[in-house]
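Tertiary structure, described
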Amino acid sequence: MIDKSSNVAVILASHGFFAKEALRSAEMIVGKQQNCAYLAVKEDMNLEQAKSQMEKLLMDLDTSKGIIILCDILGGTPSNVSGAFCLKQKNTLVLSGLNLPMLLDLFTNRNRNLNELAESLEKSYKMGFQNISERFREEEQEDGSGIL
């Protein structure tokens, strides 16, 4: 069992409620996560409101072991807010490309340090993209058994 006090803090940041739903999906698979929050940037929010919301989230988290912020895309308000924060706060890692394979990797390895997590998350991000149609067709050709 992983000691929760040794876990890095996590914030998921996205346009709309993508981060919230990604967290819910990951928790369905790996269980409820502690020391974790999400930032949902809504259409009616400006940059200052998003920054204020991020600061509130950070006050509620234990960042003593570091913090990872996963953003949906590079260049949007969620990544701009997160990137600005990482310049002020030490022991912070901000990554774009939030997806479920990354979350599952992160949530099952939160006791690692930020450098190890950065390497692992980059790999899981890349491995998360697969041409499933092509793989199924290749398997069908190899064994002829079909999937169903």
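Before reading on, note that the structure itself is shown above.
What counts and how
- Residues numbered from 1 in each chain as written.
- Predicted model: local features only at pLDDT ≥ 70, side-chain atom pairs only at ≥ 80, totals over all residues.
- Heavy atoms only, no water.
- Helix = DSSP H or I, 4+ residues; strand = E, 2+ residues; numbered from the N terminus.
- Buried < 20%, exposed > 50% of the residue type's maximum accessible area, 1.4 Å probe, protein only.
- Contact = heavy atoms within 4.5 Å.
- Areas by Shrake-Rupley, 256 points an atom, 1.4 Å probe, with all protein chains shown as cover.
- Lys, Arg positive; Asp, Glu negative; His and termini not counted.
- Charge placed at Lys NZ, Arg CZ, Asp CG, Glu CD.
- Expected span 1.5 Å × (residues − 1).
- Polar contact = N/O pair within 3.5 Å; in protein donor to acceptor, adjacent residues only side chain to side chain.
- Pairing = 2+ DSSP bridges.
- Axes fitted to C-alpha atoms, helices over the stretch in contact; angles between N-to-C directions.
- Right-handed = clockwise from strand over helix to strand, strands pointing away.
- Parallel < 35°, antiparallel > 145°, perpendicular 65-115°, else oblique.
- Left-handed = near helix turned anticlockwise from the far one by under 90°.
- Nonpolar A, V, L, I, M, F, W, Y, C, P; charged D, E, K, R; others polar.

1. Comments concerning the overall build of the protein chain
Tallying secondary structure elements over the protein chain gives six helices and four strands in all. In the protein chain, the succession of α and β elements from N to C terminus is β-α-β-α-β-α-β-α-α-α. Taken over the C-alpha atoms alone, the protein chain extends approximately 55 × 40 × 25 Å along its principal axes. Considering the protein chain as a whole, with its 148 residues, one finds that 38% of them fall into the buried category. Nonlocal contacts in the protein chain, meaning residues at least 24 apart in sequence, comprise 72% of its contacts between residues at least 6 apart. Carbon together with sulfur atoms contributes 51% to the accessible area of the protein chain, which is approximately 9200 Å² in total. One way to put it: in the protein chain the 16 positive side-chain charges average out to a point 8 Å from where the 20 negative ones average out.

2. Describing helix 6 (residues 132–143)
Across its 12 residues, helix 6 extends 17 Å between first and last C-alpha, which sits within 8% of the 16 Å expected from 1.5 Å per residue. Of the residues flanking the start of helix 6, the one acting as N-cap is Asn131, its side-chain oxygen 3.3 Å from the backbone nitrogen of Ser133.

3. Observations concerning the sheet that holds strand 3 (residues 67–71)
Strand order in the open sheet formed by four strands is 2-1-3-4, with parallel pairing between adjacent strands. Either end of the sheet is taken by a strand with one partner, and the two such strands are strand 2 (36–41) and strand 4 (92–96). Recorded for the sheet is a direction-independent mean angle of 15° between the axes of neighbouring strands. Sheet analysis places strand 3 next to strand 4, joined by five bridges and oriented parallel. Counterpart to Ile69 in the pairing with strand 4 is Val94. Along the sheet, helix 5 (residues 114–127) contacts strand 3 and strand 4; its crossing angle with strand 3, the most-contacted strand, is approximately 25°.

4. Looking at the pairing of strand 2
Both faces of the sheet carry side chains from a regular strand, because those side chains alternate between them. Of all six residues in strand 2, five are buried; the element is thus mostly enclosed. Examined bridge by bridge, strand 1 (residues 9–15) and strand 2 share six bridges and lie parallel to one another. Paired with Ser14 across the bridge in strand 2 is Ala40. With helix 1 (residues 18–30) bridging strand 1 and the parallel strand 2, this β-α-β connection has right-handed handedness.

5. What about the packing of helix 2 (residues 47–59) against helix 3 (residues 77–88)?
Helix 3 packs onto helix 2 with a crossing angle of 55° between their chain directions and a minimal axis gap of 10 Å. In terms of axis orientation, helix 2 runs oblique to helix 3. For the pair helix 2 and helix 3, the crossing hand works out as right-handed. The residues of helix 3 that touch helix 2, namely those facing Leu47, Ala50, Lys51, Met54, Glu55 and Leu58, are Thr77, Val81, Ser82, Phe85 and Lys88. For the contact of helix 2 with helix 3, the residue count by class is six nonpolar, two polar and three charged.

6. Points about the environment of Gly16
On the secondary structure map, Gly16 appears in the loop between strand 1 and helix 1. The partly exposed category is assigned to Gly16, whose relative accessible area is 24%. For the pair Gly16 and Asn113, spaced 97 residues apart in the sequence, the C-alpha separation amounts to 29 Å. Dropping the residues within four chain positions of it, Gly16 is found in contact with Ala40 and Val41.

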